[in-house]
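# Notes for the structure review
If you want the building blocks of each chain, they are given just below.
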Amino acid sequence: AKECRGWMEIREGLVIVICSKTGSVLKNLVENKPPERFPKLCVFRRFLGAPLFKVHLLNGTYRVPFCYFGVERRTGNRLYCPSALTQITVLQIVKESQQQHGLRHGDFQRYRGYCSRRLRRLRKTLNFKMGNRHKFTGKKVTEEILSDNRYLLLILMDAERAWSYAMQLKQEANTEPRKRFHLLSRLRKAVKHAEELERLCESNRVDAKTKLEAQAYMAYLTGMLRFEHQEWKAAMEAFNKCKTIYEKLANAFTEEQAVLYNQRVEEISPNIRYCAYNIGDQSAMNELMQMRLRSGGTEGLLAEKLEALITQTRAKQAATMSEVEWRGRTVPVKIDKVRIFLLGLADNEAAIVQAENEETKERLFESLLSECRDAIQAVREDLKPDQKQREHSLENDSGKVSNIQYLHSYLTYIKLSTAIRRNESMAKSLQKALLQQQRSEEDGKRTARPQDLIRLYDIILQNLVELTQLPGLEEDKNFQKEIGLKTLVYKAYRCFFIAQSYVLVKKWSEALVLYERVLKYARQVQSGAGAYTNSLKELPDVQDLITQVNAEKYSLQAAAILGELHNYTRPLSERFETFCLDPSLVSKQVSLVHFPPGFQPIPCKPLFFDLALNHVAFPPLEDKVEQKAKSGLTGYIKGIFGFKS
């Protein structure tokens, strides 16, 4: 809409359309004038969420501020205002709704329910109901009622509801293939609503940005439908159209507004490359692999298809792979799943090295470990039927394990080595967090602790113990020596962080002893690492650890001495005779006396025991005891008359 400034003279019969920000200005102007000149002021309708006012002037003209949407002549009962164009931000509305109502966690059913509820609220607010509970009366949104952008929202929510239902069915179709037909039906319905939205946005009442966004939205849903139908050329054309529109929109606005458009371009780029590969562009496969490696695994529409494509490509290459060599022994590989895993091992390790952040690296580690576990399970299933044959081969080969058992040991070695590298990567990130501990405390976030690192190094040491027990490697002295050196390195780091945890609680003597143990382990590694320098390159440098431990020892000794000189553990009432500058005396937690006071021993009341009582003979008292009088008739009469003695 064109924004005008300044003053404007309005005449009788004109309608002023203004936004909510300037509505109060006009209202005040009208209400402060005599009723005969301004007899009527009312809300005409709502446009883009803002009230529209109309003013009838009986005589003459009146100067008012010319407001946001301009001035147009009123014709009949309908307001025409070409300068006030309808606009909605399609992509922003869609993304915000999806992120706030379930799609952050992949819950398409929750998002579909939200779309249905919002449609009902919009129809009720606009009084655009499809009949009543007894009869259905269809209504269509036309260009004549596009003065309110919520009519466009109706169609957009219809399309989003159909799309979310299709994505929900796509998740369920993994176990129930028949639901794929319903999935395609819902996608066609979403495309139909998107086409209607694009047709309405071609009206002169809609601004150019909304028209472009509607076209891009229509192209996106069309590409998804063609993608599911495996019509690769049509899908690629639709996705390219969508990508071009969003790129142009991103270049036309500020960086903050262009973020959403660039995100959508990144989402559809893998789909375009996948379509190109299926059309016949072999170079697209490498680009898809790079996209997958950078993101740590794709998500959404392309995920399953890309994984299947990668597996299919590796399966073709696996047909030529028949054996693998490890530690001087060649082992035949007959299991297809193991072949595919070994072929992709180098690519996965390269992706981990090239990962841009820790989160991506963690996802790649988990993906590699999952594939390795599947390969190990396939080997175990092949091991079970050959139990007797394997025992017979052990007797004939004088303790040499069978080929399938050695292959199992190799895969287990890969799994344990990958787990060690993953935990080491996590330990490095925690060490960086420890260095930034002070800043994290100021930000109010949870800080890293040395205890977290101790747990990681415990797991690493446990994995190293399992490596030494692999079948077929017990007699390999070089392997055992190499694992022993790695164990010493990780033990040194584990002792170092245990010492750091003792430093935090000011246990200086325990920390000093552990630092000496760290130096002992580090020197053992340096003395025995002559022939194994290449295998220890990937491990943390022990020389840096020795330098750090020496510095920590000096600071630890200084802290211990200062702690003895400034021992402020006693309260002030017990150290009046000693002068020292105690900064805690001016703080809120000053220690003046012990409170509550401690218990002190006091003398208790004595207990007396009469031990001679049992041995005392008392004199007889029968003559002093009063004899009881005999009772009878005489005694009774005497008692009545008072003669009883």
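Just so we're clear, the structure is a prediction, and the values are computed from it rather than from any experiment.

## Quick look at the overall build of the chain
Summing up its helical and strand segments, the chain has 20 helices and 8 strands in all. For the chain, the residues scored as buried account for 40% of the 645 residues in total. Carbon and sulfur atoms make up 51% of the accessible area of the chain, which amounts to about 39,900 Å² in all.

## A closer look at the side chain of Ser-409
As for its position among the elements, Ser-409 is in helix α14 (residues 403-435). Not counting the four nearest positions on each side in its chain, Ser-409 is found in contact with Trp-326, Leu-470 and Pro-471.

## Points about the pairing of strand β8 (residues 329-332)
In the case of a regular strand, side chains alternate between the two sheet surfaces. Residues of β8 alternate between two faces, with Arg-329 and Val-331 buried on one and Thr-330 and Pro-332 left unburied on the opposite face. With 4 bridges connecting them, strand β7 (residues 323-326) and β8 associate as antiparallel partners. What sits directly across from Trp-326, in β8, is Arg-329. Where β7 folds back on β8, the antiparallel hairpin that results is connected by 2 residues, among which Arg-327 adopts a positive phi of roughly 55°.

## Quick notes on the confidence of the model for the chain
Put simply, the chain has an average pLDDT of 75, and 72% of its residues get 70 or more. Segment residues 1-83 is flagged for pLDDT under 50; beyond a separation of four residues in sequence, or across chains, it makes 151 contacts in the model. Note that residues 296-301 has pLDDT below 50 and, in this model, 12 contacts with residues that lie over four places away or in other chains.

## Brief notes about the pattern of salt bridges
For the structure on display, the rule yields 18 salt bridges. Linking Glu-516 and Lys-553 is a salt bridge whose minimum nitrogen-to-oxygen distance equals 2.6 Å. Of this pair, Glu-516 sits in helix α18 (residues 508-528) while Lys-553 sits in helix α19 (residues 542-565), and the two are 37 residues apart along the sequence. The network of salt bridges with shared partners includes Lys-95, Arg-264 and Glu-267.

## Concerning the nonpolar core
Within the largest apolar cluster, 73 residues are counted, with the highest numbers of intra-cluster contacts made by Val-338, Phe-341, Leu-342, Leu-407, Leu-411 and Leu-467. At the level of elements, β7, α11 (336-353), α12 (358-383), α14, α16 (450-468), α17 (477-504), α18 and α19 are the ones that each hand at least two residues to this core. The element contributing the most residues to this core is α17, with 13 residues. Sequence-distant contacts of Phe-341, that is, excluding residues within four places in its chain, are made with Leu-368, Glu-371, Cys-372, Ala-375, Leu-411 and Ile-414. Within the second largest apolar cluster, 63 residues are counted, among which are Phe-108, Leu-152, Ala-190 and Ile-245.

## Considerations on the packing of helix α2 (residues 90-100) against helix α4 (residues 150-172)
Packing of α2 against α4 brings their axes to within 12 Å, and their N-to-C directions diverge by 50°. One element, α2, and the other, α4, form an angle in the oblique class. Pair α2 / α4 crosses with right-handed handedness. Between α2, through Val-90, Ile-93, Val-94 and Gln-98, and α4, the contact on the second element is made entirely by Leu-153, Leu-156, Met-157, Glu-160 and Trp-163. Here the residues of the contact of α2 with α4 sort into 7 nonpolar, 1 polar and 1 charged.

## A word on the packing of aromatic side chains
Within this structure, the stated rule accounts for 18 aromatic pairs. Taking 6.2 Å as the distance between ring centres and 25° as the angle between the ring planes, the aromatic pair formed by Tyr-111 and Tyr-114 counts as stacked. A residue pair is termed a helical-turn pair when its members lie 3 or 4 positions apart in one helix, as Tyr-111 and Tyr-114 do in helix α3 (residues 108-126) at 3 residues. The same class applies to Tyr-111 as to Tyr-114, namely buried. Ring pairs connect the aromatic residues Tyr-457, Tyr-490, Tyr-493, Phe-496, Phe-497 and Tyr-515, which therefore count as one cluster.

## Some words on a positive patch on the surface
Taken together, the side chains of Lys-140, Lys-189, Lys-192 and Arg-199 define a basic patch exposed on the protein surface. Locating Lys-189 in the fold gives a position in helix α5 (residues 179-201).

## Let's talk about a nonpolar patch on the surface
A cluster of nonpolar residues, Leu-585, Val-586, Val-590, Leu-592, Val-593 and Phe-595, forms a patch on the protein surface that exposes about 620 Å² of accessible area. By the secondary structure assignment, Phe-595 is in the loop between α19 and α20 (633-641). Given the relative accessible area of 75%, Phe-595 is considered exposed.

## Focus: the packing of α16 against α17
Between α16 and α17, the least distance of the axes is 9 Å, while the angle of their chain directions is 165°. Relative to α17, the element α16 is oriented roughly antiparallel. For the crossing formed where α16 meets α17, the hand is left-handed.

## Focus on unusual backbone geometry
Across the junction of Phe-595 and Pro-596, the peptide omega takes the value -5°, indicating a cis bond. Although it is not a glycine, Lys-506 sits at a positive phi angle of roughly 65°. Positionally, Lys-506 belongs in the loop between α17 and α18. Judged by its relative accessible area of 61%, Lys-506 falls in the exposed class.

## Concerning the environment of Cys-275
You can see Cys-275 is positioned in helix α8 (residues 255-279). Note: C-alpha distance between Cys-275 and Phe-227 (48 residues apart in sequence) is 8.0 Å. Contact partners of Cys-275, with chain neighbours within four places excluded, come to Phe-227, Trp-232, Ala-235 and Met-236.

## Examining the side chain of Thr-210
For Thr-210, the position within the fold is in helix α6 (residues 208-228). Residues in contact with Thr-210, not counting those within four places in the same chain, are Thr-86, Gln-87, Ile-88 and Cys-201.

## Looking at the environment of Glu-538
Among the structural elements, Glu-538 can be located in the loop between α18 and α19. Accessibility expressed as a relative area gives 64% for Glu-538, which makes it exposed.

## Thoughts on the environment of Met-218
Structurally, Met-218 can be placed in helix α6. C-alpha of Met-218 to C-alpha of Glu-195: the two residues are 23 residues apart in sequence and 6.2 Å apart in space. Sequence-distant contacts of Met-218, that is, excluding residues within four places in its chain, are made with Val-191, Ala-194, Glu-195 and Glu-198.

Parameters and conventions
Residues numbered from 1 in each chain as written. Predicted model: local features only at pLDDT ≥ 70, side-chain atom pairs only at ≥ 80, totals over all residues. Heavy atoms only, no water. Helix = DSSP H or I, 4+ residues; strand = E, 2+ residues; numbered from the N terminus. Buried < 20%, exposed > 50% of the residue type's maximum accessible area, 1.4 Å probe, protein only. Areas by Shrake-Rupley, 256 points an atom, 1.4 Å probe, with all protein chains shown as cover. Contact = heavy atoms within 4.5 Å. Pairing = 2+ DSSP bridges. pLDDT = per-residue confidence, 0-100. Salt bridge = Lys/Arg side-chain N within 4 Å of Asp/Glu carboxyl O. Core = buried A, V, L, I, M, F, W, Y, C linked by side-chain atoms within 4.5 Å. Axes fitted to C-alpha atoms, helices over the stretch in contact; angles between N-to-C directions. Parallel < 35°, antiparallel > 145°, perpendicular 65-115°, else oblique. Left-handed = near helix turned anticlockwise from the far one by under 90°. Nonpolar A, V, L, I, M, F, W, Y, C, P; charged D, E, K, R; others polar. Phe/Tyr/Trp six-rings, centres within 6.5 Å; stacked < 30°, edge-to-face > 60°. Patch = residues over 30% accessible without salt bridge, like charges linked within 9 Å, V, L, I, M, F, W, Y side chains within 5 Å. Lys, Arg positive; Asp, Glu negative; His and termini not counted. Charge placed at Lys NZ, Arg CZ, Asp CG, Glu CD.

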